[in-house]
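Secondary and tertiary structure notes
Next come the chains, spelled out residue by residue.
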Amino acid sequence: KLKSYSSSLKPGTEKICTKWFSLRQRYVLGDTAMQKMAQSHVFLSGIGGLGVEIAKNIILAGVKALTVHDTKQCTKWDLGINFFIHEDDITSQRNRAEATLHRIAELNPYVHVAASVVPLDETTDLSFLKQYQCVILTEVSLLLQKKINDFCHAQQPPIKFISADVYGICSRLFCDFGDEFEVLDTTGEEPKEIFISNITQSNPGIVTCLENHPHRLETGQFLTFREVNGMSCLNGSTHQITVVSPYSFSIGDTSDMEPYLHGGIAVQVKTPKMFYFERLEKQIINPLCLVADFSKPEAPLQIHVAMLALNHFQENFGRGPNIGCLQDAEEMLKIAMSVSETLENKPQVNGDVVKWLSRTAQGFLAPLAAAVGGVASQEVLKAVTGKFSPLQQWLYIDMLDIVTPLEKMGCEEFLPRGDRYDALRACIGDSLCQKLHDLNVFLVGCGAIGCEMLKNFALLGVGTGQDKGLVTITDPDLIEKSNLNRQFLFRPHHIQKPKSYTAAEATLNINPYLKIDSYINKVCPATENTYSDEFYTKQDVIVTALDNVEARRYIDSRCVANLRPLIDSGTMGTKGHTEVIVPHLTESYNSHRDPPEEEIPFCTLKSFPAAIEHTIQWARDKFESSFSHKPSLFNKFWQTYPSAEEVLQRIKSGESLEGCFHVIKTLSRRPRSWTQCVELARVKFEKYFSHKALQLLHSFPLDTRLKDGSLFWQSPKRPPFPVKFEFNDPLHYGFIVSAAKLFATVYCVPFTEKDLSEETILKIISAVKVPEFRPSNKVVQTDETARKPDHIPVSSEDERNAIFQLEKSIVSNEALETDDLQMKPISFEKDDDSNGHIDFITAASNLRAKMYNIEPADRFKTKRIAGKIIPAIATATAAVSGLVALELIKVVGGYPADAYKNCFLNLAIPIMVFTETLRIIIKMYIHHTIFTVFTNFTCMNKKEFSTPKSK
């Protein structure tokens, strides 16, 4: 009665299985949580539409073992709600758990997946659950939920309990993690570092931040101090703070401390937090609910009552309310009135919610299951890792906005037709189903959200009409191994295949009647011929699933110009958003701008880093300059001037050749052997990490003071100190090897494994004559508003030196061969660990950090910052895609403006906020002409146009 499916794993594989997962998930959860998750056993009952969503997400995340339990057989109904059940499973009358077992297991070979078909009821001995750390129930009666919850809560330690259900237009999620549940990191955010400008001697002492740098702290948080001058007893101490203003906070009595002089950094300390839970039995009577829509704060309790009434109806009649049956709806409303009286706060009964729940309860909205399944899956991960704040204790989401406009439809609209869309039809009616079938939709991006969207399209029957309807997708990327734990349509044998083609093929396995065209084009101005205005006008709606903001803005401009609806979404870690743009009803995507990314001032990067982010960006810039930009300029120069003799002649005649000085400098110092590459790396070490510090201290000695008498070297400026090269220091050695390998690559110098040996490197390093430091009188930029100069002026002495160096290269035959005048530029690639790119940046960044006494970063963190990797996890992408598909139904139905909802969510906290879309701004032009951003004008007389005024 228990069947299992998993790949054959070597002993100890669970310790290293994080290699399977993308860095994006590691950046969300962290290695500690990943390791806990990889040791956890989870039990999931009910593998219907919601259960399969939860199973997919937690297997992709990487638990150690999952048991899926179900006693039902596959039916036609399941084809529209469970994306892993196929038509042959129905004809062979397979059990749902057994039918989906191997398809679920394929998502992650490191997870042991088992299927159970044993009956689970009020008479079952629940002791078998003791082997699991978390139990999830779907499609289970409320009475059995209570019994299992009581058993789980009573265990020591308690088994974490989660129940979730989707009935028609309503969903609920409940969590109970025991009397006490400790969380070590409630938010997952990086600890904040605050630079201090002043601390008062008072009770309480007031700490003030640097100007224009708000602390973004909350009262009750803890901080520790370091590098405080004067009030030095604060260093190393921890204090709970009270926020005074966005730029100041209090820390307790400082009146007896020494006066504050300057400097100091306050660092947020993550402290464990205890969460307290009540059993299901008690929470039913007095529920603690998360409010998702602040315009309807009463909604969670109203849905709570309605769904309890549904449970009582099922118990009383042994069945659910019939589809569209008004008599059953009236009966359920009476039950709801009685249920409300038994609850502690006697919440008001919402008749519309109860009636629509009754009419649609047998139906199923697959996108709603995707949204709830994403949230529920994240709660599972919290339960087994102790990472992030758990849900306390109920979450209710309803889609009353979808069904309210359908009030006038007859009951026959919702009745079954015997096809795969009966569950959907029971919720939205046959007419709206047909509109979905006839829909032309353009999906841009087949990554994590794109894969989830295609799954939703397939279940909704989008683009399956006999005469109309088509799904068009595009994505230029190939599938990488790191994609596999979020982009669930892809498998290991798909690696290096185009995402769009592969996603299209996989989607047809879910719904073979889907009509889909796939392309590998980028959507940008360069592809206007492919995606013309005519193409856009053929689309009923455009859905974007992109990381690139500029691409989103471009697509929005095309949608506005062609009056096409657009639904946008995105995720970053556990955070996500959805936005609906409907012509003439809402504002466009380009109508608002996100705050610009805070740029690091040029002088900070070049001379005055204060945080590890500054040194990482400096190292990233060095990589780009040394191994990409300069080699590219070198090649371009010699393509323009094909011979060194010609260049020499032109320089001597007084002609100015752009980039000439730097090209000749590169040519004269070009390494031609592995030994010279190592020597060059050693010289660069001295220049970057010793001479630079000596030059700054020459320009600004430690006792330098500003005009107001304050010290120049005070927070956030840190004085540098030269780093003395030590061959036995792994950081020093790592820089030499990684830099030498990259120099060898760009200068086309071959090297062998023997060349990389410590013995060879030491022999070369020992013979290097390192140039002595010679102070310069060059002005050091200290203005934070100054930008990096486009061109560095070349002095007459530099020009004379260039002529001399070029003559020398020609005489020595070092500028005559074609190979001498070519380099091999390197494109930064963060995902290939063998290329040494991240190795160089990590070593260079941490050496610079050491020079400035900044806390270093490990390779993992360096890779995230240098590679600008956006953290991501399957739970958030599943939730966001479900919300997008729900809005798609409204767009197809032509709903009014107040029906559409944008959403922001953060599953870590957790928070889910629905807001109305931004209403369109109406403007007035001359002659009382009304227009909006979607209005097109044909300009006949330019003189008549003037700046319009907003109304």
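Taking an unreviewed UniProt entry as the reference, the chain is identified by name as E1 ubiquitin-activating enzyme belonging to Accipiter nisus. In the Pathway (unreviewed entry) part of its UniProt record, the chain is described as follows: "Protein modification; protein ubiquitination."

1. Overview of the overall build of the chain
Helix and strand counts for the chain stand at 30 helices and 29 strands. Along the first, second and third principal axes, the C-alpha set of the chain runs to 100 × 75 × 70 Å. A buried classification covers 54% of the 951 residues belonging to the chain. Long-range pairs, those at least 24 residues apart, make up 74% of the contacts in the chain with a sequence separation of at least 6.

2. Quick look at the nonpolar core
When a protein is soluble and globular, its nonpolar side chains tend to lie buried together. Core analysis: the biggest nonpolar cluster contains 173 residues, and Ile148, Leu365, Ile428 and Phe457 have the highest contact counts within it. Per element, the largest residue contribution to this core is twelve residues, and it comes from helix 30 (residues 874-893). Filtering out sequence-adjacent residues up to four positions away, isoleucine 148 remains in contact with Leu120, Leu126, Leu129, Val135, Leu137 and Phe161. Residues Tyr733, Ala744, Ala849 and Tyr852 belong to the second largest nonpolar core, which totals 75 residues.

3. Looking at the pattern of salt bridges
Throughout the structure, instances matching the rule amount to 50 salt bridges. Two residues, glutamate 87 and arginine 420, come together in a salt bridge whose shortest N-O distance is 3.2 Å. Residue glutamate 87 is located in helix 5 (residues 87-91), and its partner arginine 420 is located in the loop between helix 13 (400-403) and helix 14 (422-428); the two are separated by 333 residues in the primary sequence. Using a relative accessible area of 32% as the deciding quantity, one classes glutamate 87 as partly exposed. Exposure remark for arginine 420: the relative accessible area of 6% places this residue in the buried category. For arginine 859, the salt bridge identified is with aspartate 839, shortest N-O distance 2.9 Å.

4. Regarding the packing of aromatic side chains
For any pair of aromatic rings, the description consists of the separation of the ring centres together with the inter-plane angle of the planes. Taken as a whole and judged by the stated rule, the model has 44 aromatic pairs. Between the aromatic rings of phenylalanine 442 and tyrosine 531, the centroid separation amounts to 5.1 Å while the plane-to-plane angle is 35°, which identifies the pairing as tilted. Linking phenylalanine 442 in strand 19 (residues 440-444) with tyrosine 531 in the loop between strand 21 (516-519) and helix 18 (533-538), this pair joins segments that are 89 residues apart in sequence. The burial state of phenylalanine 442 is the same as that of tyrosine 531; both residues are buried. Three or more aromatic residues joined by ring pairs form one cluster here, namely Trp618, Phe623, Phe627, Phe685, Tyr688, Phe689, Phe725, Phe735, Phe743, Tyr747, Phe828 and Phe840. The ring centre of phenylalanine 414 lies 5.7 Å from the NZ or CZ of arginine 359, which sits over that ring. Taking the ring centre of phenylalanine 828 as reference, the NZ or CZ of arginine 620 above it sits at 4.0 Å.

5. Brief notes about the packing of helix 25 (residues 730-746) against helix 26 (residues 758-766)
Look at helix 25 against helix 26: their axes get within 12 Å of each other, and the N-to-C directions meet at 90°. One element, helix 25, and the other, helix 26, form an angle in the roughly perpendicular class. Each of Tyr733, Ile736 and Val737 in helix 25 lies in contact with helix 26, whose residues at this interface are Glu758, Ile761 and Ile765. Looking at the contact of helix 25 with helix 26 residue by residue, the classes come out as five nonpolar, no polar and one charged.

6. As for the UniProt feature "domain: Ubiquitin-activating enzyme E1 four-helix bundle" (unreviewed entry) in the chain
On the UniProt side, "domain: Ubiquitin-activating enzyme E1 four-helix bundle" (unreviewed entry) is annotated at positions that read residues 271-339 here. Taken end to end, residues 271-339 is 57% helix and 9% strand, and its two terminal C-alpha atoms sit 41 Å from one another.

7. A short note on the UniProt feature "domain: Ubiquitin-activating enzyme E1 FCCH" (unreviewed entry) in the chain
When the UniProt feature table is mapped to this numbering, "domain: Ubiquitin-activating enzyme E1 FCCH" (unreviewed entry) covers residues 202-270. For residues 202-270, the end-to-end C-alpha separation is 26 Å, with 0% helix and 35% strand making up the annotated structure.

8. Considering helix 21 (residues 612-640)
Residues three or four positions apart in an α-helix share a direction because the helix packs 3.6 residues into each turn. With 29 residues, helix 21 extends 40 Å between its outermost C-alpha atoms, agreeing within 8% with the 42 Å of an ideal straight helix rising 1.5 Å per residue. Where helix 21 bends most, the angle comes to about 40°, and this point is serine 625.

9. Notes on the pairing of strand 4 (residues 112-116)
Burial within strand 4 is extensive, with four of its five residues counted as buried. Where strand 3 (residues 65-69) meets strand 4, five bridges bridge the pair, whose relative direction is parallel. Bridge assignment links alanine 65 to a residue of strand 4, and that residue is histidine 112.

10. As for the sheet that holds strand 13 (residues 242-245)
Ordered in space as 12-11-15-9-10-14-13, the seven strands form an open sheet in which the pairing is antiparallel. Each end of this open sheet is capped by a strand with a single partner; those strands are strand 12 (238-240) and strand 13. On average, adjacent strands in this sheet sit at an angle of 40° to one another, irrespective of strand direction. Two elements, strand 13 and strand 14 (residues 248-250), share three bridges in a ladder whose sense is antiparallel. Its bridge partner being in strand 14, threonine 242 is matched across the sheet by serine 250.

11. A short note on a positive patch on the surface
Judged by side-chain charge, Lys606, Lys630, Lys665, Arg669, Lys687, Lys778 and Lys788 come together as a positively charged surface patch. Judged by relative accessible area, which is 60%, lysine 788 ranks as exposed.

12. Quick word on the state of the cysteines
This structure, assessed with the given rule, holds zero disulfides. No disulfide involves cysteine 209; its sulfur sits 19 Å from the nearest other cysteine sulfur, which is in cysteine 233. By relative accessible area, which is 4% here, cysteine 209 ends up buried.

13. Observations concerning a nonpolar patch on the surface
Nonpolar side chains collect at one region of the surface, where Ile922, Met924 and Ile930 lie side by side and expose about 230 Å² of accessible area between them. Along the polypeptide, isoleucine 922 turns up in the loop between strand 26 (911-916) and strand 27 (923-925).

14. Digging into the sheet that holds strand 19
Within a beta sheet, neighbouring strands are joined by backbone hydrogen bonds and run either parallel or antiparallel to one another. Spatially, 21-20-19-22-23-24-25-26 is the arrangement adopted by the eight strands of the open sheet, whose pairing is mixed. Edge strands, defined here as strands with exactly one partner in the open sheet, are strand 21 and strand 26. Strand-to-strand, the axes of this sheet are offset by a mean angle of 15°, without reference to chain direction. Inspection of the sheet shows strand 19 paired to strand 20 (residues 470-474) by five bridges, in the parallel sense. The residue bridging valine 441 from the neighbouring strand is valine 471, located in strand 20. Helix 30 contacts strand 22 (541-545), strand 23 (566-572), strand 24 (575-581), strand 25 (901-906) and strand 26 of the sheet and is inclined by roughly 170° relative to strand 23.

15. What about a negative patch on the surface?
The grouping of Asp477, Glu480, Glu829 and Asp832 at the surface amounts to a negative patch. Take aspartate 832: it is sitting in the loop between helix 27 (796-811) and helix 28 (837-851). On the basis of relative accessibility, which here comes to 35%, the residue aspartate 832 falls in the partly exposed class.

16. Focus on the pairing of strand 24
The element strand 24 is largely enclosed, with a buried count of five among its seven residues. Where strand 23 lies against strand 24, seven bridges are found, and the strand directions are antiparallel. Along strand 24, the bridge assignment pairs isoleucine 567 with valine 580. The turn joining strand 23 and strand 24, which pair antiparallel and follow one another in sequence, is formed by two residues; a positive phi near 65° is taken by glycine 573. The sheet contact formed by strand 24 and strand 25 spans four bridges and is antiparallel.

17. Considerations on unusual backbone geometry
Residue proline 157 follows glutamine 156 across a cis peptide bond; omega there is -5°. Along the chain, proline 157 falls in the loop between helix 7 (142-154) and strand 6 (160-167). That bond from isoleucine 909 to proline 910 is cis: its omega, -10°, falls within 30 degrees of zero. By the element assignment, proline 910 lies in the loop between strand 25 and strand 26. Despite not being glycine, phenylalanine 388 shows a phi value in the positive range, around 85°.

Conventions we followed
- Residues numbered from 1 in each chain as written.
- Predicted model: local features only at pLDDT ≥ 70, side-chain atom pairs only at ≥ 80, totals over all residues.
- Heavy atoms only, no water.
- UniProt positions renumbered as here; feature names shortened; annotations may be inferred.
- Helix = DSSP H or I, 4+ residues; strand = E, 2+ residues; numbered from the N terminus.
- Buried < 20%, exposed > 50% of the residue type's maximum accessible area, 1.4 Å probe, protein only.
- Contact = heavy atoms within 4.5 Å.
- Core = buried A, V, L, I, M, F, W, Y, C linked by side-chain atoms within 4.5 Å.
- Salt bridge = Lys/Arg side-chain N within 4 Å of Asp/Glu carboxyl O.
- Phe/Tyr/Trp six-rings, centres within 6.5 Å; stacked < 30°, edge-to-face > 60°.
- Lys NZ or Arg CZ within 6 Å of the ring centre and 35° of its normal.
- Axes fitted to C-alpha atoms, helices over the stretch in contact; angles between N-to-C directions.
- Parallel < 35°, antiparallel > 145°, perpendicular 65-115°, else oblique.
- Nonpolar A, V, L, I, M, F, W, Y, C, P; charged D, E, K, R; others polar.
- Expected span 1.5 Å × (residues − 1).
- Bend = angle between axes of the 7 residues up to and from the residue.
- Pairing = 2+ DSSP bridges.
- Patch = residues over 30% accessible without salt bridge, like charges linked within 9 Å, V, L, I, M, F, W, Y side chains within 5 Å.
- Areas by Shrake-Rupley, 256 points an atom, 1.4 Å probe, with all protein chains shown as cover.
- Lys, Arg positive; Asp, Glu negative; His and termini not counted.
- Charge placed at Lys NZ, Arg CZ, Asp CG, Glu CD.
- Disulfide = S-S within 2.5 Å.

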